[in-house]
Amino acid sequence: MKAYDKMDIFNEFINGNHRALARLITLVENFDREGLELLSRLESHFSEKQKAAAASKKQIIIGITGPPGSGKSSLVDRLARSIICDDKNHAEGYVPKVAVIAFDPSSPFTGGAILGDRVRMANFTSDNLYFRSMGTRGSLGGMSRCVAYVLRIYELFGFDFIIVETVGVGQLEIEVVKMTDTTIVTEVPGLGDEIQAIKAGIFEIGDIFVINKNDRPGVEKVFCEINYMLNLRHDRNLQGGIIDEWSVPIIRTNCISGEGVQELLASITAHRDHLYKENKIYANRKARLLEQYISFVKDFLERNIVAALKDDDDFRNMIELGISDFYSAGGRSSFKRVLEKITDELSEKIKRM
Ligand SMILES: Nc1nc2c(ncn2[C@@H]2O[C@H](COP(=O)(O)OP(=O)(O)OP(=O)(O)O)[C@@H](O)[C@H]2O)c(=O)[nH]1
Ligand SMILES: [Mg+2]
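Residues numbered from 1 in each chain as written. Chains lettered and ligands numbered in written order. Predicted model: local features only at pLDDT ≥ 70, side-chain atom pairs only at ≥ 80, totals over all residues.

A. Highlighting the pairing of strand β7 (residues 182–187). For β7, a buried count of 6 out of 6 residues is recorded, marking the element as mostly surrounded by other parts of the structure. Of the two faces of β7, the one carrying T182, I184 and T186 and the one carrying T183, V185 and E187 are both buried. In this sheet, β7 lies alongside strand β1 (residues 60–65) in parallel orientation, the contact comprising 4 bridges. Bridge pairing in β7 links T65 to V185. (Buried ≥ 20, exposed ≤ 12 C-beta atoms within 10 Å, placed from the backbone. Helix = DSSP H or I, 4+ residues; strand = E, 2+ residues; numbered from the N terminus. Pairing = 2+ DSSP bridges.)

Below you can see the structure in the form of structure tokens.
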């Protein structure tokens, strides 16, 4: 790959070059200082212009989450294909741009198609599609921060549909879902009695439910279970006063035949229009920004404090001496000194940021 210098990435990014986009993401993924500076410059470059453009294009971030193997990647592939290739999804001949970020480098679906740091979807590639896969190594804070950056880069690049596919179940999934405008929860028949999303704690935030693999037996049972849970959720929301007139659809899909995919896309655009109509999209974005700051601060403080603690001679000495009782006056005063010292170090570091 041609080496891009900083200036090139900036200009090429503005010109819509996918390789500049890829370079910037790689830099930011590594928390490279230059990459972050570039991102800041892009933020100022785009600010007002980009906000206006995003609003007129109704840019949206979609999260797809659900149990392993439920067909998330297959759905993303189908959706991207439909958005880009199907004339009926093009207003006034405009072909929307789609960007995907996925966490499944080991998935059989995308596996084997790894090209450098990019993974293409096995079935579908297009100039209007950008696909990026991410490893699942590193701390939760670091990873969610990384996702937040990549989403922001996608927004700045001007993609219309930004899709995040999460892995299995867990904390990262919830963190990621909090960063999206529309959350799609996938379920499949035959996984057992319990709806998987309840276990993961994401049922409450699903905007659209999908029952994929509708070619398999047991679809109606899953439908009834989701429907029942949604009614409970609705009742709770009524009591709690959070009334949202969005009625959560449950869509049956089949990724082998493509059945239901158009209906899913229609629900996605309906939810997008709903968010824009009520100006909820901006409230979402503010909430996302808040989460991003909190996640940044947590990650920053944790990393620095833990490193400074482990490095501190007085602290190590306390451990050596076995001062376990840091509630007692003796332990407390030496521990207090350690904390004061590392706080000073940290504030020096912040000044240099
Ligand atoms: N029968 C049937 N198989 C499907 C359908 N959709 C996807 N599959 C298959 O299910 C398997 C898993 O699909 P993926 O799209 O990789 O599922 P995923 O949720 O992305 O999986 P992970 O990312 O590993 O969690 C693949 O072999 C797909 O071909 C469907 O509608 N019907
Ligand atoms: Mg997948």
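Text resumes after the structure shown.
B. Quick peek at the site of ligand 1. In the vicinity of ligand 1, 16 residues are found, and the nearest of them are G71, K72, S73, S74 and C255. Considering only residue class, the shell around ligand 1 consists of 4 nonpolar, 8 polar and 4 charged. (Near = placed C-beta within 6 Å. Nonpolar A, V, L, I, M, F, W, Y, C, P; charged D, E, K, R; others polar.)

C. Summary view of the sheet that holds strand β5 (residues 129–133). The strand order β5-β2-β6-β1-β7-β8-β9 describes an open sheet built from 7 strands, whose pairing is parallel. One side of each edge strand has no neighbouring strand; the edge strands of this open sheet are β5 and β9 (250–252). The mean inter-strand angle of the sheet, taken between neighbouring strand axes irrespective of direction, is 20°. Sheet topology note: the β7/strand β8 (residues 208–211) ladder contains 4 bridges and is parallel. Residue E187 lies in a different strand from β8, and its bridge partner there is I211. Together, β1, β2 (98–102), β5, β6 (161–165), β7 and β8 form the strand contacts of helix α4 (residues 72–85), whose direction differs from that of β2 by roughly 170°. (Axes fitted to C-alpha atoms, helices over the stretch in contact; angles between N-to-C directions. Contact = placed C-beta atoms within 7 Å.)

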